[in-house]
Each structure stands twice: as C-alpha cells, then as structure tokens.
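# Summary of structural features
Read off the chains here:
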2 protein chains.
Amino acid sequence: MAYRIAVLPGDGIGTEVVPQAIRVLDKIAEKYGHQFEYKQGLIGGAAIDATGHPLPEETLGLCYNSDAVLLGAIGGPKWDNLPTHLRPEVGALLPLRKELGLYANIRPCRMYSALADASTLKKEVLEGTDMVVIRELTGGMYFGPKGRETVDGVERAWDTMLYSTPEIERIVRLAFEAARKRTRKEVCSVDKANVLEASRLWRETAIRVAADYPDVTLTHMYVDNAAMQLVRNPRQFDVVVTENTFGDILTDQASMLSASLGMLPSASIGGNVALYEPAHGSAPDIAGQKKANPLATILSAAMMLEYSFNLVTEARAIEDAVEKVLSKGFRTGDIMEAGKILVNTEEMTDRVLEELA
Amino acid sequence: MAYRIAVLPGDGIGTEVVPQAIRVLDKIAEKYGHQFEYKQGLIGGAAIDATGHPLPEETLGLCYNSDAVLLGAIGGPKWDNLPTHLRPEVGALLPLRKELGLYANIRPCRMYSALADASTLKKEVLEGTDMVVIRELTGGMYFGPKGRETVDGVERAWDTMLYSTPEIERIVRLAFEAARKRTRKEVCSVDKANVLEASRLWRETAIRVAADYPDVTLTHMYVDNAAMQLVRNPRQFDVVVTENTFGDILTDQASMLSASLGMLPSASIGGNVALYEPAHGSAPDIAGQKKANPLATILSAAMMLEYSFNLVTEARAIEDAVEKVLSKGFRTGDIMEAGKILVNTEEMTDRVLEELA
Ligand SMILES: [Mg+2]
Ligand SMILES: [Mg+2]
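Residues numbered from 1 in each chain as written. Chains lettered and ligands numbered in written order. Predicted model: local features only at pLDDT ≥ 70, side-chain atom pairs only at ≥ 80, totals over all residues. Heavy atoms only, no water.

### Remarks on the sheet that holds strand E6 (residues 146–151) of chain A
The strand order across the open sheet formed by 4 strands is E6(A)-E7(A)-E7(B)-E6(B), and the pairing between neighbours is antiparallel. Taken across any chain shown, the strands that pair with only one partner, and hence form the sheet edges, are E6 of chain A together with strand E6 (146–151) of chain B. For this sheet the average axis-to-axis angle between neighbouring strands, irrespective of direction, equals 30°. As paired elements, E6 of chain A and strand E7 (residues 154–164) of chain A share 6 bridges and run antiparallel to each other. Bridging from a neighbouring strand, Lys-146 of chain A pairs with Asp-159 of chain A of E7 of chain A. Packed on one face of the sheet, helix H6 (residues 165–180) of chain A meets E7 of chain A together with strand E7 (154–164) of chain B and runs near 60° to E7 of chain A. Each of E6 and E7 of chain A together with E7 of chain B is contacted by helix H7 (residues 197–210) of chain B, which is oriented at about 150° to E7 of chain A, the strand it contacts most. (Pairing = 2+ DSSP bridges. Helix = DSSP H or I, 4+ residues; strand = E, 2+ residues; numbered from the N terminus. Axes fitted to C-alpha atoms, helices over the stretch in contact; angles between N-to-C directions. Contact = heavy atoms within 4.5 Å.)

### Some points on the coordination of the magnesium ion (ligand 2)
A four-donor tetrahedral metal ideally has 109.5 degree angles, and a six-donor octahedral metal ideally has angles of 90 or 180 degrees. At this site the magnesium ion (ligand 2) is bound by Asp-224 of chain A (OD), Asp-248 of chain B (OD) and Asp-252 of chain B (OD), with donor distances of 2.1 to 2.8 Å. In this pair, Asp-224 of chain A sits in helix H8 (residues 223–232) while Asp-248 of chain B sits in helix H9 (residues 244–255), so the two residues belong to two different chains. We note that Asp-224 of chain A, like Asp-248 of chain B, is buried. (Donors = N, O, S within 2.8 Å, 3.2 Å for Na, K, Ca; no water. Buried < 20%, exposed > 50% of the residue type's maximum accessible area, 1.4 Å probe, protein only.)

### Focus: the domain arrangement of chain A
Residue and element names in this part refer to chain A. For chain A, the assigned domains read domain 1 (1–102 + 260–357) and domain 2 (120–258). Look at where the C-alpha atoms of domain 1 and domain 2 centre, and you get two points 25 Å apart. On the domain 1 side of the contact with domain 2, Leu-94, Arg-97 and Lys-98 bury the most area, a combined 42% of that side's loss. At the junction of domain 1 with domain 2, the criterion picks out 0 salt bridges. (Domains from an automatic or database assignment. Buried area = accessible area lost by both parts, 1.4 Å probe. Salt bridge = Lys/Arg side-chain N within 4 Å of Asp/Glu carboxyl O.)

### Some remarks on the coordination of the magnesium ion (ligand 1)
Looking at the metal site, the magnesium ion (ligand 1) is ligated by Asp-248 of chain A (OD), Asp-252 of chain A (OD) and Asp-224 of chain B (OD), spaced 2.1 to 2.8 Å from it. Taken as a pair, Asp-252 of chain A in helix H9 (residues 244–255) and Asp-224 of chain B in helix H8 (residues 223–232) lie in two separate chains rather than in one.

### Quick notes on the UniProt feature "site: Important for catalysis" (unreviewed entry) in chain A
UniProt's entry tags Tyr-142 and Lys-192 of chain A with the feature "site: Important for catalysis" (unreviewed entry), counted in the numbering of this structure. Here Tyr-142 of chain A is to be found in the loop between strand E5 (130–136) and E6. Classification of Tyr-142 of chain A by relative accessible area gives buried; the value is 5%. Leaving out residues up to four positions away in the same chain, Tyr-142 of chain A has contacts with Leu-94, Arg-135, Asn-244, Thr-245 and Asp-248 of chain A together with Lys-192, Val-195 and Leu-196 of chain B. Residue position: Lys-192 of chain A is located in the loop between strand E8 (186–191) and helix H7 (197–210). When residues no more than four places from it in sequence are discounted, the contact partners of Lys-192 of chain A are Ser-199, Tyr-222, Val-223, Asp-224 and Phe-246 of chain A together with Glu-89, Tyr-142 and Asp-248 of chain B. (UniProt positions renumbered as here; feature names shortened; annotations may be inferred.)

### A few points about the packing of aromatic side chains
Considering all chains together, one arrives at 10 aromatic pairs over all chains under this definition. Arranged with centres 4.3 Å apart and planes meeting at 20°, the rings of Tyr-3 of chain A and Phe-309 of chain A form a pair that is stacked. In this pair, Tyr-3 of chain A is assigned in strand E1 (residues 2–10) and Phe-309 of chain A in the loop between helix H10 (295–307) and helix H11 (312–327), connecting sequence segments 306 residues apart. By the burial criterion, Tyr-3 of chain A is buried, and Phe-309 of chain A matches it. Both rings, one in Phe-36 of chain B and one in Phe-309 of chain B, keep their centres 6.2 Å apart while their planes meet at 25°; by these two values the pair is stacked. Taken together, the residues Phe-36 of chain B in strand E2 (residues 35–40) and Phe-309 of chain B in the loop between helix H10 (295–307) and helix H11 (312–327) connect sequence positions 273 residues apart. (Phe/Tyr/Trp six-rings, centres within 6.5 Å; stacked < 30°, edge-to-face > 60°.)

Structure follows, in structure tokens:
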C-alpha cells in the first residue's frame with residue numbers, strides 16, 4: 001500500500017532532522033514492502049521568506065491531500081519581530097492544527113533505561129516512568145478572544161481562556177480511551193478548578209464522561225500541584241489530560257524526565273490527517289551544525305506508522321532500534337555523558353539504520 | 001519596641017504550625033528584648049464554620065491594624081463544594097491579598113546542603129541553587145472577568161488574563177530592586193509573549209523598566225521553557241519575575257528543588273501590612289497527626305522579622321538555627337531519609353528553640 005506523507009521540514013534544525021526520519025522510513029519501506037510518497041511543503045520562517053506567509057495555502061492543501069503530516073520545527077530570531085499573525089508559531093503552527101482539526105496532542109513520556117543517568121532527576125525517581133500527556137490543542141488562551149486597549153490613559157492587554165463543554169468532552173473522552181488500552185487504566189485530569197471557571201466546567205465534564213468508563217480510574221489535580229508532582233514522583237502518572245496552556249507547560253516540564261527534548265516524539269490527532277513532530281523547537285543556537293538529535297523526529301515517524309497507518313510492527317521495529325542504539329552508547333550532544341560515544345545527526349541515524357538492517 | 005502581629009492559623013495543619021512559629025518568636029522576643037503582640041483571627045474554613053464567611057470583616061480589620069500578618073494555611077475537602085465566592089481560596093486568600101494591596105509574592109528557593117539528598121533532583125544539579133521567584137499576585141486570570149453562559153444550547157466558561165501597564169511595571173520594578181541587592185543582579189522575566197497579548201505587554205514593559213537599572217541584566221523566557229529549565233538547570237536563575245498563574249505553577253515546581261514544600265517560607269508584600277505564610281497548604285491528609293513540618297512557617301516568621309520589622313540579626317538567628325537542626329539530622333516525615341532522626345511538629349520546634357537558647 002502507498003501512503004502519502006506531507007513533509008514540512010520548517011526552520012532551523014527542522015531541516016536537519018526531518019531528512020533523517022525519511023531515511024528511516026525509506027528503510028522501513030524497503031524492509032517491509034511499503035511505499036511512502038513524500039511531498040515537501042513550506043512552513044514557518046522558510047515559507048515567510050518564500051511566499052510572505054508562514055502557512056501558505058499550497059501547504060495547507062498538501063496536508064489535506066496527504067495521509068499524514070511529518071513536521072520538523074518552525075521559527076527563529078529572524079522572524080521574531082514580525083506582526084503577530086505572521087509569526088511562525090501564531091501564523092503557522094496554531095492555524096495548521098486548527099485547520100486540520102487536531103484538537104489533541106499526545107506525548108508519550110517513557111524512560112529509556114540507557115538514558116536514566118542523563119536526566120537531572122535521580123534514577124530511582126524516574127525508574128518505571130511510563131506516562132502519556134494528552135493536551136488540548138485548539139482551545140483555551142492561545143485561541144480565545146484577546147486584545148489591547150487604552151482606558152483612561154492606561155494601556156492594558158488580555159487573553160481569554162475559553163472552553164465549551166463539547167471541546168472538553170472530546171479530549172477527555174480521548175484520554176479515557178487511551179487509558180483503557182493501558183495496564184493501569186488511570187486518567188489524571190489537571191485543572192485549576194479552585195479559581196478558574198473554565199477549569200470548573202472542565203472538571204464537571206470529566207466527572208460526567210467518567211461514568212461511561214467504569215473500568216478507568218479518574219483523579220483530579222490542580223496544575224500547580226501537578227508541576228510539583230512531576231518532579232516529586234513522576235511514576236504516579238499514567239494518562240494525564242489537560243487544557244492547552246497547562247499542557248504546554250507540563251509537557252515541556254515532563255520532557256525533562258527523558259533527559260532531553262531531543263528524545264520526545266509527539267502526535268497531534270483529532271481530524272482526518274494527523275500531524276507528527278518532535279517535541280523540540282527549531283533550536284537556532286545549534287542549527288546547521290549537525291548537532292541536532294534526530295531521534296525525536298524518527299520516533300515521531302514511528303508514531304505515524306502506528307497511529308495513522310496502523311503499521312504497529314514497523315513502529316515497534318523503529319522504537320527497538322532506537323533503544324538498541326542508546327544501549328550501545330551512541331549519543332548526540334544533548335544527551336551526551338562521560339564514557340559515551342558522541343555522534344552527529346547523520347551518524348545517529350546511521351546507527352538506527354544499522355539496527356534496522 | 002512592640003510589634004503587633006495578626007495571627008491567622010486557618011485550617012488543617014495551619015493550626016499546628018502557626019503555634020510553633022509563635023514559640024520561636026517568643027524565644028526571639030525574650031532573647032533580644034522585643035515585644036510581639038499577637039491577635040488571633042479566623043480565616044478560611046474555620047471562619048466559614050464560625051461566621052459563614054471565609055474572610056470576616058473582623059479579620060480584615062485585625063490585619064489592617066497590625067504591623068504584619070502571619071497566616072497558616074486554609075481550605076480542605078469539607079469546604080470544597082461551597083459556592084465559589086465562599087470557598088476558602090477564592091473567598092479568603094485572594095481577597096485578603098487584594099485588600100491589603102499585596103501584589104507581590106516572594107519565595108526564596110535556597111538549597112539547604114543538609115537536605116540536598118532529599119530532593120528528587122541530583123545533588124550536583126541542585127548545588128548552589130539560590131533563587132527568588134517573584135510572582136504577581138493580584139492580577140491575571142484568577143481575578144480577571146470570568147463567567148459561564150449557554151450559547152445555542154452549548155455551555156461554555158471563561159477566565160481572562162488581564163494586565164495593565166502599571167500593574168506590570170510595579171512588580172517588574174520590585175524584581176529589579178531585589179536583583180540589585182543580590183550578587184548576580186539578574187532578572188529573568190517569564191511570559192508567553194509568542195502567543196499571549198498580555199505577555200507581550202508584560203515583555204515590553206519589562207524592557208522599558210530595565211532602562212532604569214543598567215546594573216541589572218534582564219533576560220526573557222517562555223513559561224513552558226522555564227518549567228523545563230527549572231528541572232534541567234535551576235542554578236541558572238537569580239531573580240525570576242512572572243505573572244500570577246505562571247508564578248503559581250513555577251513556584252510550586254521550584255519548591256521541589258528544596259525537597260519539600262514544608263521547608264519553604266513566603267512573603268506577600270506591596271501594601272502597608274505584609275503577609276507571611278508557608279508555601280504549603282492545609283494538608284488535610286496529615287492534619288491533626290503532629291506530622292506537619294513547622295519549618296516553613298518558622299522561616300516565614302523570620303522573613304517577617306526581616307522585611308516588616310527590619311530585625312535582620314534576629315531573622316538570621318532563626319535561619320541559622322534551622323540550618324543547624326537539619327545538619328544534626330532532625331527530620332519531619334516530609335523530608336525524612338534513611339539514617340536521619342524522625343521528629344514530630346513540636347519536637348522539630350523544640351530543636352530550633354534549643355539552637356536559639
Ligand atoms: Mg511548549
Ligand atoms: Mg500554588
């Protein structure tokens with residue numbers, strides 16, 4: 001079967017790591033007899049430079065007409081001072097997710113035992129951590145009404161955290177479905193229901209939805225406590241579900257459990273065409289130096305095989321290859337430790353390809 | 001000189017730890033020849049049970065007519081299902097801060113070397129951490145316009161993150177003043193200026209204020225990255241300043257650097273009468289069992305001596321006593337480790353009093 005993949009490298013290290021994931025997909029195609037058709041599109045700063053807009057119509061059309069989208073990373077200091085609607089994150093990533101109806105971001109956070117020493121947390125605290133954070137992506141403060149005005153000579157600015165019951169229900173339901181497939185079957189819903197009205201609606205909705213999933217345990221946690229518990233005892237979490245801004249903060253924090261953002265894949269789902277991208281950004285500070293860790297993008301491609309194409313064996317083969325490469329001691333700079341072998345972006349991929357051979 | 005202290009034990013372990021701080025203050029009074037006059041007031045659930053309101057007028061009057069306020073903790077499951085305006089946090093703590101004009105929360109986060117092993121972070125990551133987080137307290141989403149409505153049969157709820165330039169300027173200025181008194185003289189302003197309008201006004205204002213402090217270095221960090229950096233490399237921070245919700249999350253997260261919330265004092269300042277309280281909550285799960293760590297409240301009393309009464313020698317004496325007690329191996333349950341001596345709430349205070357003798 002042929003799968004059409006929209007490939008959007010974007011900016012900075014995005015242009016370095018995406019080709020590495022394609023090398024891995026090509027190896028999978030060869031080994032398992034699949035056909036992947038890649039069509040490349042412009043997004044972010046690269047698209048601004050070429051077309052004047054961070055998310056050109058052509059790119060959006062390409063995504064709609066694909067079976068899945070593989071994205072690198074977008075943005076960089078060059079485009080930081082453009083008007084808001086043209087900036088890469090606001091002008092491309094947020095509308096892309098919205099246009100594709102991708103209301104859920106899924107970030108697995110599993111501890112690789114070979115990397116346990118590379119984290120700033122103690123090994124015994126991390127050991128056994130295997131959680132998934134599900135973040136609402138298209139609602140909340142990033143999309144709610146916002147503005148700036150001068151009243152009686154005083155300037156003020158605001159953003160609105162706005163959620164409707166259906167928006168909350170679909171993401172909470174997705175979390176329950178995910179939990180049902182896991183061993184522990186636990187959902188921890190994170191909110192700030194003691195002070196926020198939107199959080200109270202969130203919590204009420206979660207409690208109502210829970211009635212449909214008697215096999216899953218629902219707990220609630222305030223977001224400030226969750227930020228604390230992620231450092232104190234990450235093992236306590238199975239599936240975490242939360243709104244957009246809180247999820248933005250908690251997923252980045254949780255990423256530190258895995259030693260580096262360079263290790264973390266993500267999937268954004270909800271519509272017909274899902275989006276797969278590494279959790280890291282465009283990292284302008286190391287761009288063009290072959291230092292980027294390609295594993296997050298390679299593991300994102302594995303998530304694509306599993307979630308969008310249902311190629312579970314192939315996905316596991318990639319994940320196992322990554323685990324073996326790490327066990328053999330190969331490390332990019334972001335996860336380097338004494339006694340390990342430092343490799344660059346391409347060399348890391350070479351090692352993964354060897355394991356897949 | 002006589003100092004009038006409003007004492008508000010509140011709920012749960014608040015009623016256990018506040019008397020311990022008073023024992024320490026009494027010892028200081030005796031040793032250094034001061035006079036502390038305590039007047040007790042009701043707040044939180046205890047006030048609801050007695051008067052029907054979590055912040056009675058009488059308590060507010062007591063605070064206005066004092067030189068400083070020492071608060072324990074408020075809230076508990078018993079009062080969780082009351083209407084919003086009567087709940088302890090929304091009905092008492094938030095309005096108390098607002099009424100007293102306490103727009104800044106100050107949380108020092110210093111690593112006690114005796115406790116370095118008790119943290120979930122590696123000792124070498126924590127070593128040398130000495131930061132202060134300054135959180136805006138009276139603006140943002142917790143106080144902005146909020147509500148719930150049904151539009152075309154769909155229920156929705158919202159909260160507004162609203163900031164005016166003067167609100168931002170005074171807290172940022174306070175951060176620069178604090179940084180100026182420190183060795184590194186660095187302010188890291190945390191926002192989400194890539195997507196939030198309120199954050200953009202925050203950042204512009206910080207940059208403008210910075211011009212008045214050429215001796216202080218200003219940097220900016222997105223809140224999701226800050227949550228990550230606090231785990232990755234906490235030593236990088238000197239003074240952190242941020243808005244209310246982000247500060248709520250980051251201060252609780254930062255508290256984990258110090259092994260336990262039970263160690264962390266806080267001060268809320270800005271008006272004529274400042275408020276001192278431990279960073280921890282009412283901890284209903286351990287209330288009434290003499291397990292609570294009194295050190296956060298004792299250290300809050302030390303902050304009161306320093307900030308409100310300018311009794312710096314006395315404040316240092318308390319801090320030194322706490323450090324010695326920890327070095328000698330005494331621990332409450334929250335910071336207990338193998339090989340240390342477990343003590344209860346009163347016994348921990350006894351050890352502090354011995355050091356002050
Ligand atoms: Mg983020
Ligand atoms: Mg908090």
